[in-house]
Amino acid sequence: MSTATKPAPPPSIAHRVVNDEPISVEEYLERERAATRERHEYIDGWVIRVSGASINHNFIVSNLNRELGNQLRETDCRVTTNDLRVAFPRVDKYAYPDVVVFCGEPELEEGHLDMLYNPTLLVEVLSPSTEDYDQGKKFGRYRRIDSLKEYLLVAQNETHVEHYVRQNDGSWRLTDIDGLDASITLPSVEAELPLAEIYLDVFEKEETSESK
């Protein structure tokens, strides 16, 4: 595959590019599968380092994994977190969403178990270095995945979630949810996510100490 005319990476994540020249999909996958610690996304030949997460980011991902896992236990849907690579269709791009839910049989890369093609619900926990990309170009690429029905963007510095749901005509409806008393209805997996559970150990202790 030619890599000579690849476009530049999105400016919002350019600081996380680790290669000086674009590389092929095959080379990226070979490197990534040989790596033991760091994870990298791939965009048009550019290898993008997945940044280390804050403790609040990790709490939120853990809370989502636990709450969704418990609710989906008796269904054909399963949840996994940030080590399962998702492929964007028809383009040379790969990402590691913070939380992935798929329903039914997983469509995986032939000969490998590390790349999923049929996610139902994806979640990204926002951080200052990735927020613009997750809300913009990354979501634009996620929307090309035919199986994807819902997308959540979860803030980590406030109790706020952006909830996108694919409509029958292919458009996406956005709902903003705020506050620990609120909850999110997820029609694609028939689940309900209380924000108090998403933000468990993130804001509750701070708010409790402030009230004393």
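Attention in this report is confined to the structure presented alongside it. (Residues numbered from 1 in each chain as written. Predicted model: local features only at pLDDT ≥ 70, side-chain atom pairs only at ≥ 80, totals over all residues. Heavy atoms only, no water.)

Brief notes about the state of the cysteines
Covalent bonding between the sulfur atoms of two cysteines is what defines a disulfide. The condition that has to hold: We call a pair of cysteine sulfur atoms a disulfide whenever their separation is within 2.5 Å. The numbering of helices and of strands both runs from the N terminus, where a helix is a DSSP run of H or I of at least 4 residues and a strand a run of E of at least 2. Any residue under 20% of the maximum accessible area for its type is buried, any over 50% is exposed, and the rest in between are partly exposed; the area is computed with a 1.4 Å probe on protein chains only.
Enumeration according to the criterion identifies one disulfide in this entry. Across the disulfide, Cys77 is cross-linked to Cys103 (sulfur-sulfur distance 1.9 Å). On the sign convention where negative is left-handed, the bridge of Cys77 and Cys103, at about 100 degrees about the S-S bond, is right-handed. In this pair, Cys77 sits in strand β3 (residues 77-81) while Cys103 sits in strand β6 (residues 99-103), placing the two residues 26 residues apart along the sequence. Accessibility expressed as a relative area gives 21% for Cys103, which makes it partly exposed.

Overview of the pairing of strand β9 (residues 150-154)
For the record, the criterion: The criterion for strand pairing is that DSSP finds at least two bridges linking the strands in question.
With five of five residues buried, β9 lies mostly within the body of the structure. Alternating positions in β9 separate into two faces, Glu150, Leu152 and Val154 on one and Tyr151 and Leu153 on the other, with burial throughout. Where strand β8 (residues 121-125) meets β9, five bridges bridge the pair, whose relative direction is parallel. Looking at β9, one finds that Leu122 is bridged to Tyr151. As paired strands, β9 and strand β10 (residues 160-166) are joined by five bridges and run antiparallel to one another. Among the inter-strand pairings, Leu153 is bridged to a residue of β10, identified as Glu162. Connecting the antiparallel pair β9 and β10 is a turn made up of five residues.

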